[in-house]
Amino acid sequence: MGFVSRGFRGKRRDNVSSSRVPPGQYVVTDFPVLSAGPTPHVNLDQWTFSIEGEIDEPKKWTWKEFSALPADTVTKDIHCVTKWTKLDTTWKGVSVDTLMEGVDTAADFTTVYSDGGYTTNLALDDITANKAWVVYEFDGQPIEPQHGGPVRFFVPHLYFWKSAKWVRGIRLQKEEHPGFWESNGYHIRGDPWREQRYWGD
Amino acid sequence: MARAAVLGRLEIPTSRGPLRWQFGTLAEVVRETPRVSSLYLDVPDWQGHLAGQHVDVRLTADDGYQAERSYSIASAPDDPRLALTVERLDDGEVSPYLVGELRVGDRLELRGPIGGFFVWRGEDDRPLLLIAGGSGVVPLMAMLRHRANVESTVPARLLFSSRTQADVIYRDELSRLGAAGDGLTVFHALTREKPAGWSGYTRRIDEAMLKEVAWPIQESPAVFICGPTPFVEAASQLLVAMGYEPRSIKTERFGATGGTA
């Protein structure tokens, strides 16, 4: 018999299938915020999205060009490393596969970077093959600035800090460079189903 | 409380070793307000922490069901016990257990310290501006306790917004720290009460208040803001609009957008 917290019963949530809630997470219905600094104000007139680094001809879209690209609407569960999970969130945006069309690269890794200086590292395999999007709508509305609007990254199979807010581009790299939280104690990959929260998990 | 033992080394949080689950034993409970208590834990082999870091707490029911949450560390790295200050959320799962059920002598499973960004190190010589909403004061208190322990004299100001006078966490300790004459000034603001004889602010944080409290921009203060999401959003946006360098402002938010502070 392992350790038991004397007197603890907990709030069971029988209405949520445990197969949708990763270990150590709990389900919320609201939408908490995690940001390390002030929310930047992003002007779409000056906004661009770039793919650069290990690529012969870097790609760059203005907002007008970007918003004309074919878009997907996807409904996914999201998991924040601070323990909350939000089920069935709906986002609209452009698949990274669409952005990477025709790109020939020797890179295995990427750094996704944002206004305000935020970065996060992702293996190229983790953002291609229908696993990641650059999104601009949440629940049919423009994304609020506090939640990363006007445009954020969206890679729902990893902890949500990987879904960089206020995103501006993807840097293709041959080597893995830890991003902001990954340099501050958090796991290099961040798979919620393996509970990869912190260094050494 | 005797300051006999010192809790561990301070540089360990930069190591990349796994954060293992370990046990603390509740040694003392201090009721801070009707909704908030501080839990003082004896944690053998605690690896040390930096002011501003947090721990994960894990509760296990007798059928194996578990719940995990994160709590800011309230104690300074150089305090003898690890302290967590927890606000009881009525619809919460873990906080009503920690504030109400957990008794002195019970064991509590935790791991940490976690987080390498929202931290203040005693050797930082920039003026310190701390802005807290409610239980957001907890990691900032770790910084102020550490500042006092290491006898830092960097100028420091705490602006602390609470709902009512009875909700002011650490009220007596803050008034002692603020009276020590070592360069700390504590400013209180109440948002839901205007008690007779109250000398602090009685409104939400606004630009006029920050102009009175914040260090001038040219002094390049280190700014830490912690509290409910709408509170942190408001305070940080005000400072950015006043011209403070966004990268000098570190924030920690809790709760959802649109909630009440």
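The paragraphs below set out a description of the structure included in this document. The shown structure was predicted, so the numbers you read here are calculated from the model rather than taken from an experiment.

### Points about the overall build of chain A
(1) Moving on: A count of helices and strands for chain A gives 3 helices and 11 strands.
(2) Moving on: The N-to-C order of helical and strand elements in chain A reads β-β-β-α-β-β-α-β-β-α-β-β-β-β.
(3) Moving on: Its C-alpha atoms give chain A a radius of gyration of 18 Å, near enough to 17 Å, the size a compact globule of 201 residues would have.
(4) Moving on: Across the 201 residues of chain A, 39% fall into the buried class.
(5) Moving on: Look at the contacts in chain A between residues 6 or more apart in sequence, and 65% of them connect residues 24 or more apart.

### Describing the sheet that holds strand 4 (residues 66-72) of chain B
Residues and elements named next belong to chain B.
(1) Moving on: Across the sheet, 6 strands lie side by side as 4-3-6-1-2-5; this open sheet has antiparallel pairing. Taken across any chain shown, the strands that pair with only one partner, and hence form the sheet edges, are strand 4 and strand 5 (82-87). The average undirected angle you get between the axes of adjacent strands in this sheet is 40°.
(2) Moving on: For strand 2 (residues 36-42) and strand 5, the ladder comprises 6 bridges, and the chain directions are antiparallel. Residue pairing in the sheet places L39 in a bridge with L84 of strand 5.

### What about the nonpolar core?
(1) Moving on: Counting 112 residues, the largest nonpolar core has V134 of chain A together with L130, L140, L158 and F224 of chain B as its most contacted members.
(2) Moving on: Here this core spans two domains, and each of domain 1 (12-114) and domain 2 (128-254) of chain B adds at least three residues to it.
(3) Moving on: Apart from residues no more than four positions distant in its own chain, L140 of chain B is found in contact with L130, A132, L158, F224 and C226 of chain B.

### Some details on the sheet that holds strand 7 (residues 128-133) of chain B
All names here are of chain B.
(1) Moving on: Overall, parallel pairing links the 5 strands, which are arranged 9-8-7-10-11 in an open sheet. Bordering the open sheet on either side are strand 9 (184-190) and strand 11 (249-254), each of which pairs with just one other strand. Here the strands of the sheet are splayed against their neighbours by 10° on average, with no regard to which way each runs.
(2) Moving on: As paired elements, strand 7 and strand 10 (residues 222-228) share 5 bridges and run parallel to each other. Opposite L128, over in strand 10, you have A222 as the bridge partner.
(3) Moving on: Relative to the sheet, helix 5 (residues 229-241) contacts strand 7, strand 8 (156-162), strand 10 and strand 11, its axis offset from that of strand 10 by approximately 150°.

### Regarding unusual backbone geometry
(1) Moving on: Cis geometry is found at the peptide bond from G149 of chain A to P150 of chain A, where omega equals 15°.
(2) Moving on: If you trace the backbone, P150 of chain A turns up in the loop between strand 9 (141-142) and strand 10 (152-154).
(3) Moving on: Note that the residue after G112 of chain B, namely P113 of chain B, is joined by a cis bond; omega there is 0°.
(4) Moving on: With phi around 55°, D139 of chain A is a residue other than glycine that occupies positive phi space.
(5) Moving on: The topology assignment puts D139 of chain A in the loop between strand 8 (133-138) and strand 9.
(6) Moving on: Classification of D139 of chain A by C-beta neighbours within 10 Å gives exposed; the count is 10.
(7) Moving on: Phi is positive for Y170 of chain B, which is not a glycine, with a value near 60°.
(8) Moving on: Turning to its location among the elements, Y170 of chain B is positioned in the loop between strand 8 and helix 3 (171-178).

Rules and cut-offs
Residues numbered from 1 in each chain as written. Chains lettered and ligands numbered in written order. Predicted model: local features only at pLDDT ≥ 70, side-chain atom pairs only at ≥ 80, totals over all residues. Helix = DSSP H or I, 4+ residues; strand = E, 2+ residues; numbered from the N terminus. Rg over C-alpha atoms; globule rule 2.2 N^0.38 Å. Buried ≥ 20, exposed ≤ 12 C-beta atoms within 10 Å, placed from the backbone. Contact = placed C-beta atoms within 7 Å. Pairing = 2+ DSSP bridges. Axes fitted to C-alpha atoms, helices over the stretch in contact; angles between N-to-C directions. Core = buried A, V, L, I, M, F, W, Y, C linked by C-beta atoms within 7 Å. Domains from an automatic or database assignment.

By themselves, these are just geometric observations and shouldn't be taken as functional.
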